[in-house]
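# Inside the fold
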Amino acid sequence: MNLVIGALVSVVLVVPMVVSSSAIAQATRTWVSGVGDDANPCSRTAPCKTFAGAISKTATSGEINCLDPGGFGAVTITKSITISCINVEAGVLASGSNAVVVNTPAGSEVHLQGLDFFGVAGALDAVRFVGQGQLHIENSSLQRFSGQGVDFAPIGPSELYVRDTVISEMGLEGVSIKTTGNAGINAVISRSQIVNNRKGVAVDGAGNTLPMNLLIADSVISGNTEEGVIARSVAAASQVRIAIGSSRISANVGIGASANGAAANGSGSASIFLTDSIVFGNAVGVGKSGAGVVQSLKNNSIFGNINDGTPLPAFPGPGGIPLQ
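Residues numbered from 1 in each chain as written. Predicted model: local features only at pLDDT ≥ 70, side-chain atom pairs only at ≥ 80, totals over all residues. Heavy atoms only, no water.

### Brief notes about the sheet that holds strand β26 (residues 270-275)
Spatially, eleven strands are ordered β1-β2-β5-β8-β11-β14-β17-β20-β23-β26-β29 in an open sheet, and the strand pairing comes out parallel. Because the sheet does not close on itself, it has two edges, and the strands there are β1 (27-32) and β29 (293-296). On average, each strand axis in the sheet is inclined to that of its neighbour by 10°, with strand direction left out of account. (Pairing = 2+ DSSP bridges. Helix = DSSP H or I, 4+ residues; strand = E, 2+ residues; numbered from the N terminus. Axes fitted to C-alpha atoms, helices over the stretch in contact; angles between N-to-C directions.)

### Things to note about the pairing of strand β11 (residues 133-138)
For β11, the tally of buried residues reaches five of six residues, placing the bulk of the element in the interior. Two strands pair when backbone bridges link them, and β11 and strand β14 (residues 158-163) are joined in this way by six bridges, in the parallel orientation. Paired with G133 across the bridge in β14 is S158. (Buried < 20%, exposed > 50% of the residue type's maximum accessible area, 1.4 Å probe, protein only.)

### Thoughts on the side chain of S140
Looking at where S140 falls in the secondary structure, it is placed in the loop between β11 and β12 (141-143). By relative accessible area, S140 is classed as buried at 5%. Of the polar contacts made by the side chain of S140, one reaches the backbone nitrogen of G114; its length is 3.4 Å. What S140 contacts, discounting residues up to four positions off in sequence, is L112, Q113, G114, L115, D164, T165 and V166. (Polar contact = N/O pair within 3.5 Å; in protein donor to acceptor, adjacent residues only side chain to side chain. Contact = heavy atoms within 4.5 Å.)

### Details of the packing of aromatic side chains
Tallied over the entire structure, the rule returns three aromatic pairs. Pairing F51 with F72 gives two aromatic rings, centres 5.2 Å apart and planes at 45°, and the pair type is tilted. With a gap of 21 residues between them, F51 in helix α2 (residues 51-55) and F72 in the loop between β3 (70-71) and β4 (75-77) connect regions that are remote in the sequence. Taken together, a centroid distance of 5.0 Å and an interplanar angle of 40° make the contact between F280 and F303 tilted. Of this pair, F280 sits in strand β27 (residues 278-280) while F303 is found in strand β30 (residues 301-303), placing the two residues 23 residues apart along the sequence. Over the ring of W31 we find R44; its NZ or CZ atom is 5.5 Å from the centre of that ring. (Phe/Tyr/Trp six-rings, centres within 6.5 Å; stacked < 30°, edge-to-face > 60°. Lys NZ or Arg CZ within 6 Å of the ring centre and 35° of its normal.)

### A look at the state of the cysteines
Under the defined criterion, the tally for this structure stands at two disulfides. Linked covalently through their sulfurs, C42 and C48 form a disulfide whose S-S length is 1.8 Å. One disulfide, between C42 and C48, carries an S-S torsion of -70° and so falls in the left-handed class. Overall, C42 belongs to the buried group, its relative accessible area being 1%. (Disulfide = S-S within 2.5 Å.)

### A few points about the environment of S141
By the element assignment, S141 lies in strand β12. Beyond its immediate chain neighbours, meaning those up to four positions away, S141 contacts L115, D116, F117 and V166. Within polar-contact distance, the side chain of S141 engages the side chain of Q143 at 3.3 Å.

### Some remarks on the pattern of salt bridges
Using the criterion set out here, one finds eleven salt bridges in the structure. The salt bridge involving E226 is made with K199; its shortest N-O contact spans 2.7 Å. Residue E226 is found in the loop between β21 (220-222) and β22 (229-233), and its partner K199 is found in strand β19 (residues 199-204); the two are separated by 27 residues along the sequence. Owing to a relative accessible area of 24%, E226 belongs among the partly exposed residues under this scheme. Between K199 and E227 there is a salt bridge, with the nearest N and O atoms lying 2.5 Å from each other. Taken together, the positions of K199 in strand β19 and E227 in the loop between β21 and β22 put the pair 28 residues apart, joining distant regions of the chain. Assigned by exposure class, K199 and E227 land together as buried. (Salt bridge = Lys/Arg side-chain N within 4 Å of Asp/Glu carboxyl O.)

### Digging into the confidence of the model for the protein chain
When pLDDT is averaged along the protein chain, the result is 89, and 86% of the positions lie at 70 or above. The low-confidence segment residues 7-23 (pLDDT under 50) makes zero contacts with residues lying over four places distant or belonging to another chain. (pLDDT = per-residue confidence, 0-100.)

Here it is, written out as structure tokens:
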């Protein structure tokens, strides 16, 4: 009889443990809905209301999807995650704060797909990255924040990819790339529009001694009230390099493409390379200061600017022979 009672006691003790474990399990895929509830488990049949509510119930490297249109709120991301709402109106409205903050450890990957960021009442940045790893922004719209559209400021080696995205009407930069630590940066902006911001794209090497590389391809950078694209390396022995290909830089009130390098850093500390691109209708087409360098593959159209700028030297090809 004592053995039977002991067995029953063991069963009673085990059951709560099993229930507790299943209650805190995180799903690989979760769902949000405009009519959801964050008290739900975020399943397809019982979706959550906000991204913040869903992310705590989503496993690392999992995915959050949208069932229907809605405003899903600001969120802080601290792990690898995909938020994908392509073909659904997925609003991220921010007022007086950042819309999405990414503070992930090294090796993380964050994908933001099909999102509509909109800032009101002094909203800060649309997407602020202050961790490490990879950030992908795809098929999205970022509008009307008082700060940056994308504020990419990692603390260690990291990568940024922006594709098929519109970034407009920012109080500061459409895309700002800098570091708060010594970090090598690789970034790509492709098939995107960066328009009507204060600056279009700015890469700043201050405080960083490792290379910072940005490729801009098949994109439009237009209507910004200062520079369209600027590479800046004036405060440290950093190397900032921007390659611009098959893109259009137009109607910027400042310089279309500008390289600002400190003479103490040596020639090439801030470099812009242009190929197969149009630079048109800017206050100044291309410009450089200090040890900055702007070079061309001699297949660009730089015309119709108030001042086209200094003629560009040809980029030296193999064996030092300029490519025309």
